[in-house]
Amino acid sequence: MYGVGILKGMAVTLKHFVDTYLDDIYWSSRGGRYYNDKAFEVRQSLKGKGVKTVFYPEEKLPMPERFRFVPFLVTDDPPPGQNWGKDWCTSCGICAKVCPPQCIWIERGKLPNGRPKPEPVNFYIDIDICMNCGFCMEFCPFDAIKLDHDYELADYDRTTAHLFDKERLSKPISYWREIAPQKAAAEEAARTFAEQSKKKKKAKRGAEGEQEPAPTLNDEYARQLMYRGASY
Amino acid sequence: MSEMTLDAPEDEGAVTVNDNPVESAIARLKERFPDAVSDDPRDGYEGVIVDADKLIEVSEALRDDLGFEYLSSVTGVDLIDDGKLEVVYHVYNIEEGGSAVVMKAQTDRDNASLPSLVSVWPGADFQEREVWDMYGVHFEGHPDLRRILLWDGFKGHPLRKDWQEPFFEEEHKPFGSRWPGGSVARIEDSNPFGKNVQYPEGWLPTGDEYDVEIDMYPHEPAHREDESTRMVTDKVTVNMGPQHPSTHGVFRMVVELDGETVVSLKPVMGYLHRNHEKIGERNTFIQNIPYTDRLDYLSSMGNNLGYVLTIEKLLGSEVTERAEWIRILMAELTRIANHLWALGFLINDLGALQTPMLYFYLERELILDFFEAASGARLLCNYMRFGGVAYDLPDKVRETDTMTFLHDLIYENIPNVLDQGENLFVGNEIVRTRSIGVGVLTREDAIAYSAAGPVLRASGVQYDVRRAEPYSYYDKLDFDIPVRYNGDVYDRLLIRMDEMRQSLRILEQVLPHLKETEGMPVIGGKPQYAIRMPKAGEAYGRVENPKGELGYYVTAKRRDANPQRYHVRAPSFINLTALGKMCEGHKVADVVVILGSIDIVLGEVDR
Amino acid sequence: MTSQTDPSAGSDITVPDELQNNVVITNIAKVLDPVYNWGRRNSVWPMVFGLACCAIEMICTAASRYDLARFGMEVFRATPRQSDLMIISGTVTKKMVPTIVRLYNQMPEPRYVMSMGACASGGGPFKEGYNVVDGIDKFLPVDVYVPGCPPTPQALINGLIALQEKIGQQSIATVPWYSKQGDEFTGAVPIPVLGPDLVDLRQIDIIREEAAKAETNDTAVEETAESAMPEAA
């Protein structure tokens, strides 16, 4: 019969309309439907019905651990009385080489004798070029560059503000542990594993050579493989 | 006698079925044109080199006598070392499936000219224009050889290897200035204009510059006299786009109208031409993966998959079992997400403003949530790697265990939204009136115009790359290729519903495998950032993306870290070739609907 | 009894003692500004104008999960004549930029431009491309930049809130669109044209200079600064 199809469609809309109010009634005795953590979680899950709106900025969706936004540099937690901890970055340049749009500039440090020093003097990321692909994080052998979860970066000027320098990029490791606890823990486990196996190797060889050798790339690949397989 | 080598055994033996038709076709071509057709002598290259003079005859023979009637891809290549330009044609057999007959035609770089194949395959139209635009190969006999992605008057043919853009830094990435010196500089500061521009030496504006506004309008009005009333009328040219709510982005159509009826329609594109291929030839192999996200940005997982498959062909790398299942999971979820979007927009174009669209997007958001948890980004996932995928599946998605989440999504939420969609519009009288019999593309036209994906299948051609030339583990899965026969907007709408149902069927089969392979590695070999090609060669990889056949043509030299040629066969772009044909004779309001039913994404059209 | 005279309003007005309780002397803008800004801030109508990937996130933001209607921005207008905000959502190409500038000129004032994502702000990953404009702010005045590639819907809303804050700080007395001289359309940007490359008509003098330089270079010894700039083949 002509018109049945239209009525069916309208029934769908009506159902959505009614669902909204049923949900309101259900949550009214349970602390309210909006601005309520419990209700928010249900609303955003697969079981959500009716209104599914995220009331940003009052409610914010939790970001998954792997969420990628603009990169930041990991440093040690600053020792008491100081603003900055030690950089983890050794200015090996892998991130700058792998970066697809080439938005990373690293100025490598120099020792007095002219040899390269494993520490960046300057580290710039042009976030107007960065494509948030995460390759720098993925291929960094020192876990020194991570992608941030802070997406609230809107501003009124870009010429100065959008070229992030080392100071703007550096964040302490405790911040990374906070935003990605499982991932940070897995990385830490992998680092200790790599260190231990290196110590073993060293012990085998007779424990000589330089005091603190830089981790070799092969170890790092082994470590990366290990934590990729782990389901964090 | 004629097709004797093609009668492959009815039952299994996929390899022999896939290989034989191509080889026998090539053998017969060589037999028939002994002087004009010869094997490609280069190491790692396949197919035949055809003399430019005989190109049309060979193509006709291939199409009419050998059953290779579907021209998939036309690619220009700059062989700067030999002083030549090459055009590569990939031609497929629709009935038999299998791989392509690759034809190549070469011409001098300085005075590049080849015969146009538009008379044989109308689907070559836009692709030949693209080759003209990018390489400057003049196609003799092309009906409308203008630039397509850039504008007339642009200086140079940018994909030629010796053409350099204003922001040229170095031939290949990574650039030396980034490390270890690292003196940061915005590239525009070194340009005298402070912008991404360059002009020929001594050039001054003349006032005759290209005007986007009026470029396509006919200069003289076409008068027409109505026979019965003796009334003289003019045809009206209407411009739609590039900013138009119905064009799904920055697409432009110049429509010539007689009253309200479309006389002719010309698509104008290039408003989102982001130089994907030029940048891609500068990138290292792995650097291209995130760029492919931005082709068809509604189905980035599918784009990733096509690209890594192509490079894996060249590298010869192995993919782990779990990675294959995860890839299929992602590809099919992408298909559903894309079709939900496409249908939402199509219904929106039909006049059901917003409501069905909003309902569909709610479910799509759930899929995006899963992508975000798995890969880190909602839209541009950058998830596939050579030999596997970047990460294993996450533990939890939105506070739910991943497998439970997927199970509920596949068995409850998506089926529910499909049922809801059926109630919303499948039987809806207004939708039926607006879409049945509108924008008909016949079977013959669909093949001739190189249409792909849902557009091709809605016209009665049961052709799907997942079956015709299976990749990943699709040959192990049980699913049907939906096909509809009317070729109108309504069928293109329904076929997307059918495809989503089939995707669900695939996903239901994938889930147990995901459980089985839990804990297994998701990438084979070391993850490497500096991959060098073990051997020279070319590869054409294709996948059935939601919009149609997405192909990548990549050539590389031995020990190179960058592709020599990197071309994308974009389904949206080639499907648009048939748009003019579909719209002829319909009302101007239908144009919007017909365009919506093709489901284009401008990132892919213009690249 | 305190005088309610606003010092900023000019203190040369003396109020008779008997009226001290009844009169407030203030800057009219101070009274009107909050009302004026409140109205504009909460009814910013964006233009339906999607360029690339970011447009998808923009549409998602307008859809029911993030729901721009909460900010009075759900009325996406298809015509520039009815819109207040142009969200440049994606890569701006040279072929497109004349259209964008024309659309901007067609928008009635007050008008705002938001640059969404890396591409619109500075060219993004496609910056090196030959057909890409390295930042829409080379052509249009941009009010808010939203970084990200693409910005998530929440990041976009964050940018829209930043825009609202910016609108909230404007004063009716100083906004440019009421301080025009005569009927001069101060905000209009000359529409770029497409020659052998994109031509910004405001740069015509530099183009002449460069052309002259090239000419002298031809006759004279060699080019100097030009060598950094590759020439088209």
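The shown structure was predicted, so the numbers you read here are calculated from the model rather than taken from an experiment.

Chemist: I'm lost on the overall build of chain A in this one. Help?
Modeler: Helix and strand counts for chain A stand at 8 helices and 6 strands. What you see in chain A, going N to C, is helices and strands ordered as α-α-β-α-β-β-α-β-β-α-β-α-α-α. Considering chain A as a whole, with its 232 residues, one finds that 50% of them fall into the buried category. Summarising the internal contacts of chain A: among those between residues at least 6 apart in sequence, 61% fall at separations of at least 24. Counting only carbon and sulfur atoms, one obtains 58% of the accessible surface of chain A, whose full area is about 11,800 Å².

Chemist: Whenever I open this one, a nonpolar patch on the surface confuses me. Can you help?
Modeler: Residue and element names in this part refer to chain A. Side chains of Leu14, Phe17, Val18, Tyr21, Leu22 and Ile25 sit close together on the surface and give an oily, nonpolar patch of about 630 Å² of accessible area. Relative to the elements of secondary structure, Ile25 occurs in helix α1 (residues 4-28). According to the relative accessible area criterion, Ile25 is exposed, its value standing at 59%.

Chemist: Teacher, can you tell me more about the packing of aromatic side chains here?
Modeler: Any aromatic ring pair is given by two values, namely how distant the centres are and how the planes are angled relative to each other. Residue and element names in this part refer to chain B. Using the criterion set out here, one finds 32 aromatic pairs over all chains in the structure. Ring geometry for Tyr307 versus Tyr552: centroids 5.7 Å apart, planes at 70 degrees, classification edge-to-face. Residue Tyr307 is located in helix α6 (residues 300-315), and its partner Tyr552 is located in strand β18 (residues 548-556); the two are separated by 245 residues in the primary sequence. Each member of the pair, Tyr307 as well as Tyr552, carries the same accessibility label: buried. Consider the rings of Phe360 and Phe425, whose centres lie 6.1 Å apart with planes at 85 degrees: the pair is edge-to-face. With Phe360 in helix α8 (residues 355-375) and Phe425 in helix α9 (residues 402-426), the pair connects residues that are 65 residues apart, well separated along the chain.

Chemist: Could you clarify how one ought to interpret the sheet that holds strand β17 (residues 537-545) of chain B in this entry?
Modeler: Backbone-to-backbone hydrogen bonds join strands into a sheet, with any given pair of strands oriented parallel or antiparallel. All names here are of chain B. Here we have 3 strands laid out as an open sheet, ordered β17-β18-β19, and antiparallel in their pairing. Edge positions in the sheet fall to β17 and β19 (565-569), since each of these pairs with one other strand and no more. Between one strand and the next, the sheet's axes are offset by a mean angle of 10 degrees, whatever the strand orientation. With 9 bridges connecting them, β17 and β18 associate as antiparallel partners. Of the residues in β18, the one forming a bridge with Gly541 is Tyr552. Across the sheet, α6 is in contact with β17, β18 and β19; its angle to β17 comes to roughly 150 degrees.

Chemist: Explain the nonpolar core here, please?
Modeler: Side chains that are nonpolar tend, in soluble globular proteins, to be buried together. Membership of the largest hydrophobic core comes to 309 residues, with the highest contact counts inside it found for Ile104 of chain A together with Tyr89, Met103 and Tyr383 of chain B. With 15 residues, helix α7 (residues 321-349) of chain B is the largest single contributor of residues to this core. Every residue in contact with Met103 of chain B, bar those within four places of it in the chain, is listed here: Val48, Val50, Leu55, Val58, Ser59, Leu62, Val87, Val88, Tyr89, Val91 and Trp121 of chain B.

Chemist: Is there a simple way to think about the packing of helix α1 (residues 28-41) of chain C against helix α5 (residues 153-168) of chain C in this case?
Modeler: In helix packing, the relevant descriptors are the interaxial angle and the interaxial distance, both defined with respect to the helix axes. Residues and elements named next belong to chain C. Interaxial distance between α1 and α5 falls to 9 Å at its minimum, and their mutual angle equals 155 degrees. One way to sum up the angle between α1 and α5 is to call them roughly antiparallel. Crossing handedness for the pair α1 and α5: right-handed. Residue-level contacts link Asn37, Arg40 and Arg41 of α1 to Gln164, Ile167 and Gly168 of α5.

Chemist: Teacher, can you tell me more about the confidence of the model for chain C here?
Modeler: Interpreting fine coordinate detail is not advised for predicted regions of low pLDDT. Residue and element names in this part refer to chain C. Across chain C, the average pLDDT comes to 80, with 84% of residues at 70 or higher. Below a pLDDT of 50 lies the segment residues 221-233, which in the model reaches 23 contacts outside its immediate sequence neighbourhood of four places, other chains included. Under the prediction, the complex receives an ipTM of 0.86, its pTM being 0.88.

Chemist: Sorry if this is basic, but what is going on with empty space enclosed by the protein here?
Modeler: To locate leftover empty space, one rolls a probe as large as a water molecule over the atoms. The full count for this structure, using the stated rule, is 18 cavities of 30 Å³ or more. Taken as a whole, the second largest cavity holds about 110 Å³ of empty space. Around the second largest cavity sit 15 residues that line it, and Arg68 of chain A, Ala377 and Arg378 of chain B together with Cys149 and Pro150 of chain C are the ones nearest its centre. Per-class residue counts for the lining of the second largest cavity are 8 nonpolar, 3 polar and 4 charged.

Thresholds applied
Residues numbered from 1 in each chain as written. Chains lettered and ligands numbered in written order. Predicted model: local features only at pLDDT ≥ 70, side-chain atom pairs only at ≥ 80, totals over all residues. Heavy atoms only, no water. Helix = DSSP H or I, 4+ residues; strand = E, 2+ residues; numbered from the N terminus. Buried < 20%, exposed > 50% of the residue type's maximum accessible area, 1.4 Å probe, protein only. Contact = heavy atoms within 4.5 Å. Areas by Shrake-Rupley, 256 points an atom, 1.4 Å probe, with all protein chains shown as cover. Patch = residues over 30% accessible without salt bridge, like charges linked within 9 Å, V, L, I, M, F, W, Y side chains within 5 Å. Salt bridge = Lys/Arg side-chain N within 4 Å of Asp/Glu carboxyl O. Phe/Tyr/Trp six-rings, centres within 6.5 Å; stacked < 30°, edge-to-face > 60°. Pairing = 2+ DSSP bridges. Axes fitted to C-alpha atoms, helices over the stretch in contact; angles between N-to-C directions. Core = buried A, V, L, I, M, F, W, Y, C linked by side-chain atoms within 4.5 Å. Parallel < 35°, antiparallel > 145°, perpendicular 65-115°, else oblique. Left-handed = near helix turned anticlockwise from the far one by under 90°. pLDDT = per-residue confidence, 0-100. 1 Å grid on protein atoms, 1.4 Å probe; cavity = no way out; pocket = protein on both sides within 12 Å on 5 of 7 lines; lining within 4 Å. Points joined across faces, edges and corners; volume = space filled by probe spheres on them. Nonpolar A, V, L, I, M, F, W, Y, C, P; charged D, E, K, R; others polar.

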